[in-house]
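If you want the building blocks of each chain, they are given just below.
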Amino acid sequence: EGLGALAVKAGLQYFGTAIDNVVLDNKNYTSIAFNVSEFNQVTPSNGMKWMYFEPQRNVFNATLADQIVKPARKAGQLRRCHTFIWHNQLPGWLTSRNWTAPELTAVLENHIKAEARYFKDDCIAWDVVNEAFNDDGTWRDTIWLRTLGKSYIELAFTFARKYVGKKTMLYYNDYNVERVNNKSLAVVELVKDFKKRDIPIDGVGLQAHFTVGRSPSYNETSASIAQFNKLGMEVAITELDVRLALPDTAEKSEAQAKVYADTVKACVDAKDCVGVTVWDFWDPVSWVPETFPGNGNACLWTEGFVKKPAYYAIQKVFQDA
Ligand code: G3I
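Residues numbered from 1 in each chain as written. Predicted model: local features only at pLDDT ≥ 70, side-chain atom pairs only at ≥ 80, totals over all residues.

As named in an unreviewed UniProt entry, the chain is Beta-xylanase, taken from Amniculicola lignicola CBS 123094. Under the heading Sequence similarities (unreviewed entry), UniProt records this for the chain: "Belongs to the glycosyl hydrolase 10 (cellulase F) family." What the UniProt record of the chain gives under Pathway (unreviewed entry) is the line "Glycan degradation; xylan degradation." (UniProt positions renumbered as here; feature names shortened; annotations may be inferred.)

What follows is the structure, given as structure tokens:
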């Protein structure tokens with residue numbers, strides 16, 4: 001039995017993975033990626049992002065997303081959808097112009113409407129807004145904030161609620177929020193404010209891009225999940241990976257396994273943490289080496305498709321639950 005099947009027995013909705021388009025021609029890869037026993041949930045790593053889904057204004061393209069959504073649906077895997085509003089991977093037509101607030105609001109609604117309707121009942125959850133805060137808890141300087149002010153987040157959630165399927169959960173998603181810290185407290189404030197003013201929001205995604213030697217402990221992750229559960233938010237671990245400084249050693253792999261296990265266990269033990277998604281499972285497609293040169297081996301499977309200690313550590317968490 002794979003991790004997805006074991007996760008369900010342990011009380012989670014899913015254990016899943018992000019999948020990118022660049023490796024879909026690799027049979028070794030796809031036979032694991034679309035195996036519902038191993039992963040009963042998938043997230044497209046890129047295809048749903050603005051630059052791919054609306055490459056020209058009002059021209060929509062689901063090709064990349066569908067390459068992942070369709071086989072996932074066929075395999076019986078749940079889908080998380082990622083992401084409507086981000087500051088990264090925006091198309092040139094959007095970033096190269098000075099929009100007025102009403103213009104950009106219309107652009108935002110048009111995009112969310114088209115994409116939400118296209119994937120209507122495909123998504124158990126949408127990451128409506130991604131990475132809106134700085135680590136110190138201030139609002140990240142983006143085209144959205146500069147043009148629309150702080151109201152852009154509530155606009156996005158309100159439009160999302162209007163156009164996505166009724167059962168789709170609306171998430172705010174971010175990294176470095178896996179501890180109680182300035183950034184996660186800013187998200188807490190956002191949620192409180194939304195609740196007070198009846199703005200729709202259902203969940204908070206903790207990305208969990210971790211590094212061996214500096215990762216949150218089980219207790220720290222548990223405390224962060226709890227602060228959102230207390231406000232009635234469901235939580236998901238949405239982009240888990242654990243990078244290490246290369247070269248890899250047996251000690252580092254064991255330390256990595258403990259981080260994976262602690263994070264998964266914090267989710268399993270929480271009041272309302274619905275699932276865990278790894279941000280790809282195969283080292284050669286991980287985003288890590290390109291972004292953090294000298295770091296890597298962040299995933300559960302080696303380049304040669306051998307399962308690492310981290311895989312077995314997660315398996316044990318589910319079996320012991
Ligand atoms: O679009 C080109 C394509 O035309 C070309 O053939 C290909 C070959 O290299 O490159 C393509 O662009 C790459 C794109 O992924 C699609 O594969 C970019 O160079 C690359 O930088 C981009 O990286 C993605 C990154 O977000 C962008 O910031 C990663 O795959 C993706 O895993 C990563 O995911 C983010 C989450 O969305 C949000 N949280 C952090 C996470 C990790 O950065």
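Having seen the structure, we can now continue with the description.
So, on to the UniProt feature "domain: GH10" (unreviewed entry) in the chain. The sites that carry the UniProt feature "domain: GH10" (unreviewed entry) are, in the present numbering, residues 9–317. End C-alpha atoms of residues 9–317 are separated by 11 Å, and the span's content is 41% helix alongside 18% strand. (Helix = DSSP H or I, 4+ residues; strand = E, 2+ residues; numbered from the N terminus.)

Another aspect to go through is helix 10 (residues 218–229). Quick reminder: α-helices carry 3.6 residues per turn. Residues three or four places apart thus point the same way. An ideal rise of 1.5 Å per residue puts 16 Å on 12 residues; helix 10 measures up with 16 Å between its terminal C-alpha atoms. Here helix 10 has its buried residues at Thr221, Ser222, Ser224, Ile225 and Phe228. For helix 10, the arc enclosing every buried residue in end-on projection is 165 degrees, short of the 170-degree limit, so these residues lie on one face. Check the buried side of helix 10 and you find it contacts helix 9 (182–196), strand 6 (203–206), strand 8 (234–245), helix 11 (250–269) and strand 9 (273–278). (Expected span 1.5 Å × (residues − 1). Buried ≥ 20, exposed ≤ 12 C-beta atoms within 10 Å, placed from the backbone. Arc of directions from axis to C-beta. Contact = placed C-beta atoms within 7 Å.)

Right, let's talk about the environment of Gln41 for a bit. Residue position: Gln41 is located in strand 2 (residues 41–44). Gln41 sits in the buried class, given 26 other C-beta atoms within 10 Å. If we ignore the near neighbours within four places in the chain, the residues touching Gln41 are Tyr14, Gly16, Gln77, Leu78, Arg80, Gly275 and Thr277.

Further remarks concern the site of the ligand. What surrounds the ligand is the set Asp20, Val22, Ser45, Asn46, Asn88, Gln89, Asn130, Gln207, Glu239 and Trp287. Here the residues of the shell around the ligand sort into two nonpolar, six polar and two charged. (Near = placed C-beta within 6 Å. Nonpolar A, V, L, I, M, F, W, Y, C, P; charged D, E, K, R; others polar.)

This next bit is on the pairing of strand 9. Among the six residues of strand 9, six are classified as buried, and the element is accordingly described as predominantly covered. Note that strand 1 (residues 14–19) and strand 9 share four bridges and pair parallel. When the bridges of strand 9 are listed, Phe15 appears paired with Val276. Here strand 8 runs beside strand 9; their pairing, made up of three bridges, is parallel. Counterpart to Ile237 in the pairing with strand 9 is Val276. Regarding topology, helix 11 serves as the crossover connection from strand 8 to the parallel strand 9, and that connection is right-handed. (Pairing = 2+ DSSP bridges. Right-handed = clockwise from strand over helix to strand, strands pointing away.)

With respect to the secondary-structure elements, Ala72 resides in helix 4 (residues 63–75). Sequence separation of Ala72 and Pro44 is 28 residues, and the distance between their C-alpha atoms is 10.0 Å.

Another point: unusual backbone geometry. Negative phi characterises most residues that are not glycine, and trans characterises most peptide bonds. A cis amide bond links His82 with the next residue in sequence, Thr83, at an omega value of 0 degrees. For Thr83, the position within the fold is in strand 3 (residues 78–85). Backbone geometry at Asp280 places phi at a positive 80 degrees, although glycine is not the residue there. Here Asp280 shows up in the loop between strand 9 and helix 12 (288–291).

Mapped onto the fold, Asp198 is located in the loop between helix 9 and strand 6. The class of Asp198 is exposed, set by 7 C-beta atoms lying within 10 Å. Along the backbone, Asp198 and Val128 are 70 residues apart, and their C-alpha atoms lie at a distance of 16 Å.

This paragraph deals with the pairing of strand 8. Note on strand geometry: in a regular strand, side chains alternate between the two faces of the sheet. The buried count for strand 8 comes to 11 of 12 residues, which makes it a mostly enclosed element. Note: strand 6 against strand 8, four bridges, orientation parallel. Bridge assignment links Gly203 to a residue of strand 8, and that residue is Glu234. In the sheet, strand 7 (residues 209–211) pairs with strand 8 via three bridges, with the strands oriented parallel. Its bridge partner being in strand 8, Phe210 is matched across the sheet by Val242.

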